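Breakdown of the fold
Each chain is listed here by its residues.
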Amino acid sequence: MNDEELLRYSRQIMLPELGFEGQQRLAQGHALIIGLGGLGSPVALYLAAAGVGRLTLVDDDQVDLSNLQRQVIHDSDSIGQAKVESAARRIAAINPACQTHTVPRRLDEEELGGLVQQANVVLDCSDNFATRFMVNRQCHAAHTPLVSGAAIRWEGQLAVFAYGEGEACYQCLYGEGGEEDLRCSQNGVAAPLVGIIGSLQALEALKLLSGAGEPLCNRLLIVDTLHPQWQTLKLRPDPACPVCGSR
Ligand SMILES: [Zn+2]
């Protein structure tokens, strides 16, 4: 690490749980970010600023005016551009040492599996159950830890799945997705809420990559911001789960 890097990351290196070695692990780390919207924005900004060496950005969407209220990695000049390109431009401005790989299309299961295998951590910042279940299946198959976040209206959720012995996976939690997708376009979402949940996702990924602290595994954090309350529920693996179950 050169003098400029020591200065850039000094406030992080001085954290005893992270330190010089943790910072080096971040520099060698590779995070796969699925979705560059409301959650993916703070995730990509903080991982790049904190010194994660490589980010792979996946999103098939373009920036729309209605995104700018909460998708803070994009700006007015980004409207009409691919979200992954707009995000990569901003990341380069914040930390030129961060290498980005952009994937501006929807992935099939096999392509996603290939990307998951190359990553040290996956951040699910998508907005639909089909993608979330597919990401969980591939992370389970590759044993790559998954940091899952969701936010709608005034409420958010966060969980980490590391696929250890006796640990629940995303599918254990949500079953076969009987629930309909709740989308911001139909239900609305409070802008700072996606900042809170996305920032927590970034924090969990930094802990996983650096080895600091303990990840939020086997637990589900539920945040209500309208009637402020933070709750943590214990998760139990479903023995009949089609992804991780023993039956
Ligand atoms: Zn499961």
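Here we summarise the structure given alongside this text. (Residues numbered from 1 in each chain as written. Predicted model: local features only at pLDDT ≥ 70, side-chain atom pairs only at ≥ 80, totals over all residues. Heavy atoms only, no water.)

Tetrahedral coordination by four donors sets the ideal angle at the metal to 109.5 degrees; octahedral coordination by six donors sets it to 90 or 180 degrees. At 2.3 Å from the zinc ion lie its protein donor atoms, namely Cys169 (SG), Cys172 (SG), Cys241 (SG) and Cys244 (SG). Geometry at the zinc ion is tetrahedral, judged from the 4 donor atoms that bind it and their angles of 95 to 120 degrees at the metal. Donor residues binding the zinc ion come from one chain and are separated in sequence as C-x2-C-x68-C-x2-C. In this pair, cysteine 169 sits in the loop between strand E6 (155-161) and helix H8 (170-174) while cysteine 244 sits in the segment after strand E8 (229-234), placing the two residues 75 residues apart along the sequence. With a relative accessible area of 1%, cysteine 169 lands in the buried category. (Donors = N, O, S within 2.8 Å, 3.2 Å for Na, K, Ca; no water. Tetrahedral: all angles 85-135°; square planar, octahedral: opposite > 155°, others 65-115°. Helix = DSSP H or I, 4+ residues; strand = E, 2+ residues; numbered from the N terminus. Buried < 20%, exposed > 50% of the residue type's maximum accessible area, 1.4 Å probe, protein only.)

The next point concerns the sheet that holds strand E4 (residues 121-124). Pairing within the open sheet is mixed, and its 8 strands lie in the order E3-E2-E1-E4-E5-E6-E7-E8. Edge positions in the sheet fall to strand E3 (99-103) and E8, since each has one partner strand and no second. In this sheet, adjacent strand axes meet at a mean angle of 15 degrees when their direction is disregarded. Judged from the 4 bridges that link them, E6 and strand E7 (residues 219-224) form a sheet pairing that is antiparallel. (Pairing = 2+ DSSP bridges. Axes fitted to C-alpha atoms, helices over the stretch in contact; angles between N-to-C directions.)

Summed over the entire model, instances satisfying the criterion amount to 7 salt bridges. Two residues, arginine 105 and glutamate 111, come together in a salt bridge whose shortest N-O distance is 2.8 Å. Given a relative accessible area of 42%, arginine 105 falls into the partly exposed group. Accessibility expressed as a relative area gives 32% for glutamate 111, which makes it partly exposed. (Salt bridge = Lys/Arg side-chain N within 4 Å of Asp/Glu carboxyl O.)

Turning to the side chain of threonine 131, a few remarks are in order. Examined against the element boundaries, threonine 131 turns out to sit in helix H7 (residues 129-142). When neighbours within four sequence positions are excluded, threonine 131 is seen to be in contact with Ile34, Arg106 and Ser126. (Contact = heavy atoms within 4.5 Å.)

What follows covers the packing of aromatic side chains. Applying the stated criterion across every chain, the model contains 5 aromatic pairs. When the centroid spacing of 5.8 Å and the interplanar angle of 55 degrees are considered together, the rings of phenylalanine 129 and tyrosine 174 count as tilted. Of this pair, phenylalanine 129 sits in helix H7 while tyrosine 174 sits in helix H8, and the two are 45 residues apart along the sequence. Accessibility expressed as a relative area gives 21% for tyrosine 174, which makes it partly exposed. (Phe/Tyr/Trp six-rings, centres within 6.5 Å; stacked < 30°, edge-to-face > 60°.)

As a further point, take the state of the cysteines. By the definition in use, this model includes 0 disulfides. Free cysteine: cysteine 217, not disulfide-bonded; nearest cysteine sulfur from cysteine 139 at 12 Å. (Disulfide = S-S within 2.5 Å.)

In this section: the environment of aspartate 59. Tracing the backbone shows aspartate 59 in the loop between strand E2 (54-58) and helix H5 (83-94). With a relative accessible area of 11%, aspartate 59 lands in the buried category. On a C-alpha basis, the gap between aspartate 59 and glycine 38 in space is 12 Å, while along the polypeptide they are 21 residues apart. Excluding residues that lie within four positions of it along the chain, aspartate 59 makes contacts with Gly35, Leu36, Gly37, Lys83, Val84, Val103, Pro104 and Arg105. Of note is the side chain of aspartate 59, whose polar atom sits 2.8 Å from the backbone nitrogen of aspartate 61. (Polar contact = N/O pair within 3.5 Å; in protein donor to acceptor, adjacent residues only side chain to side chain.)

For the rest of this paragraph, the subject is the packing of helix H6 (residues 109-118) against H7. How two helices sit against one another is set out by the angle between their axes and by the gap between those axes. Orientation of H6 relative to H7, taken along the N-to-C sense of each, is 50 degrees, at an axis distance of 9 Å. Here H6 is positioned oblique relative to H7, judged by the angle of their axes. For H6 against H7, the interelement crossing comes out right-handed. Touching Glu109, Leu112, Gly113, Val116 and Gln117 of H6 are Met134, Val135, Arg137, Gln138, Cys139 and Ala142, all from H7. Residues of the contact of H6 with H7, tallied by class, amount to 6 nonpolar, 3 polar and 2 charged. (Parallel < 35°, antiparallel > 145°, perpendicular 65-115°, else oblique. Left-handed = near helix turned anticlockwise from the far one by under 90°. Nonpolar A, V, L, I, M, F, W, Y, C, P; charged D, E, K, R; others polar.)

Read these as spatial facts, not as claims about activity.
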